[in-house]
Amino acid sequence: MGVTEIKNRGVVAVIRGATPESIISIGNALKDGGVTALEITMETPRAASVIEAAASYFGDDVLVGAGTVLDPETARMAILSGAKFIFSPTVRKETITMTKRYGVISVPGAFTPTEILTAYEYGADMIKVFPADAFGPSYLKNIAGPLPHIPLMPTGGVDLHNTAEYIKAGAVAVGVGSTLVNTKKPLTEEALFNMKEKAADFINEVKKAREEIQMAARV
């Protein structure tokens, strides 16, 4: 398990504010749309219970992980609850070490070339370029140029209009937040249907961008 696991899925849904009850409906809607990687953020109340509920229910069908992990203690708690990846907004060596000790995918957040390289040298599997919308896809492309061996995943401001651009710029996957899942709105049948449709749209954008990259490479 590693970069390939997330790359194959293409889109990671960043979910804030879910409950152990609502995460199943959310996860099913996303899964039906093709999004099968869920990042449950740890500032969410009862986040460990939300991870446990999702991991237990979906099993291997959905890759469930934790986000906004700021320290190794929180990483360990999330992993013992069933998290298969640990995302952080920052670089902390101890958190990466703890995550890799348990054989879980480590994805710290970094922004500058120095931070990105440092996190990778600490043992991270992939780097979350955050906040990606500060400079957009062109910045990611400039980073990927001199650091082509480091898998990058933009998060922050990723939407349907720029997903393909990020993939073409070198992203192995994208992290999508409230544009895809907004837990502040009631989870009506209509809301869940719209979530499924939007999930399918994001997956389609990733697929099309990858196909265009392959076609360009053959020319």
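Rules of the game
One numbering rule holds for all chains: residues counted from 1, following each sequence as written. Local features in a predicted model are, by the rule used here, given only for residues with pLDDT of at least 70; side-chain atom pairs are given and counted only at 80 or more, and totals for whole chains, interfaces and linings are based on all residues. In computing side-chain properties, one takes all heavy atoms of the structure into account and sets aside hydrogens as well as water. UniProt positions are given in the numbering used here, feature names are shortened, and annotations may be inferred rather than shown by experiment. Relative accessibility thresholds used throughout: buried, under 20% of the residue-type maximum; exposed, over 50%; partly exposed, between the two (1.4 Å probe, protein chains only). Segments assigned H or I by DSSP are reported as helices when at least four residues long, segments assigned E as strands when at least two residues long, and all are numbered from the N terminus. By definition, the arc is the one covered by directions from the helix axis to the C-beta atoms. The criterion used for residue contact is that any of the two residues' heavy atoms lie within 4.5 Å. Here the nonpolar core consists of buried residues drawn from Ala, Val, Leu, Ile, Met, Phe, Trp, Tyr and Cys, with membership extended through side-chain atoms lying within 4.5 Å. Note on geometry: axes are C-alpha line fits, over the in-contact stretch for helices, and angles between N-to-C directions span 0 to 180 degrees. Note on angle classes: values under 35 degrees are labelled roughly parallel, values over 145 roughly antiparallel, values of 65 to 115 roughly perpendicular, and the remainder oblique. The handedness criterion is simple: a crossing whose near helix is rotated anticlockwise from the far helix by less than a right angle is left-handed, and one whose near helix is rotated clockwise is right-handed. Basically, the charged four are Asp, Glu, Lys and Arg, the nonpolar ten are Ala, Val, Leu, Ile, Met, Phe, Trp, Tyr, Cys and Pro, and anything else, Gly included, counts as polar. Following DSSP output, two strands are said to pair if at least two bridges run between them. The charge count treats Lys and Arg as positive and Asp and Glu as negative. His and the chain ends do not count. Any carboxyl oxygen of Asp or Glu that lies within 4 Å of a side-chain nitrogen of Lys or Arg is treated as forming a salt bridge with it.

Entered under Subunit (unreviewed entry) in the UniProt record, the comment concerning the chain runs "Homotrimer." As recorded by UniProt, the Pathway (unreviewed entry) comment attached to the chain reads in full: "Carbohydrate acid metabolism."

### Topic: helix α7 (residues 137-144)
Within the span of α7, buried status applies to Pro 137, Tyr 139, Leu 140, Ile 143 and Ala 144. Seen end-on, α7 carries its buried residues on one side only, within an arc spanning 155°. Pointing more than 90 degrees away from the buried face of α7 are the exposed residues Lys 141 and Asn 142. Looking at the packing, one finds that the buried side of α7 touches α6 (113-121), β7 (127-129), β8 (152-154) and α8 (163-169).

### What to know about the nonpolar core
Ile 15, Leu 30, Ile 86, Ile 116, Leu 152 and Leu 180 are the most contacted members of the largest nonpolar core, which totals 62 residues. Those residues in contact with Leu 30 that sit more than four places away from it in its chain are Ala 13, Ile 15, Val 35, Leu 38, Leu 180, Val 181, Met 195 and Ala 199. Grouped together as the second largest cluster of nonpolar side chains are 12 residues, Val 107, Met 126, Val 172 and Ala 173 included.

### Comments concerning the packing of helix α2 (residues 22-33) against helix α9 (residues 189-218)
Closest axis-to-axis distance for the α2/α9 pair is 7 Å, and the angle between their directions is 40°. As judged from the angle between their axes, α2 and α9 are oblique. Considering the relative orientation of α2 and α9, their crossing is right-handed. Contacts between α2 and α9 involve Ser 25, Ile 26, Ala 29, Leu 30, Asp 32 and Gly 33 on the former and, on the latter, Leu 192, Met 195, Lys 196, Ala 199, Ala 200 and Ile 203.

### Considerations on the UniProt feature "coiled-coil region" (unreviewed entry) in the chain
Taking the numbering used here, the UniProt-annotated feature "coiled-coil region" (unreviewed entry) corresponds to residues 192-219. Split by type, residues 192-219 is 96% helix and 0% strand. Its first and last C-alpha atoms lie 41 Å apart.

### Considering the packing of helix α4 (residues 72-80) against helix α5 (residues 93-101)
Where α4 meets α5, the axes come as close as 8 Å, and the angle between the chain directions of the two elements is 25°. Of the possible angle classes, the one that applies to α4 and α5 is roughly parallel. Of the two elements, α4 crosses α5, and the hand of that crossing is right-handed. Together, Pro 72, Ala 75, Arg 76 and Ile 79 of α4 and Glu 94, Thr 95, Met 98 and Thr 99 of α5 make up the contact between the two elements. Among the residues forming the contact of α4 with α5, the class breakdown is four nonpolar, two polar and two charged.

### What to know about the sheet that holds β8
Spatial strand order, β6-β7-β8: three strands in an open sheet with parallel pairing. Pairing within the sheet leaves two strands with one partner each, and these edge strands are β6 (109-110) and β8. When β6 meets β7, the two strands line up parallel, connected through two bridges. Counterpart to Gly 109 in the pairing with β7 is Lys 128. Contacts from α6 reach β6, β7 and β8 within the one sheet, and its direction differs from that of β7 by about 160°. Docked against the sheet, α7 engages β7 and β8, running at close to 170° with respect to β8.

### Focus: the side chain of Glu 39
Among the structural elements, Glu 39 can be located in strand β2 (residues 37-41). In this structure, Glu 39 is buried with no salt-bridge partner, the nearest side chain bearing the opposite charge being Lys 128 at 4.5 Å. Residue contacts for Glu 39: discarding those within four places in its chain leaves Val 12, Ala 13, Val 14, Ile 15, Gly 65, Ala 66, Gly 67, Thr 68, Phe 85 and Phe 87.

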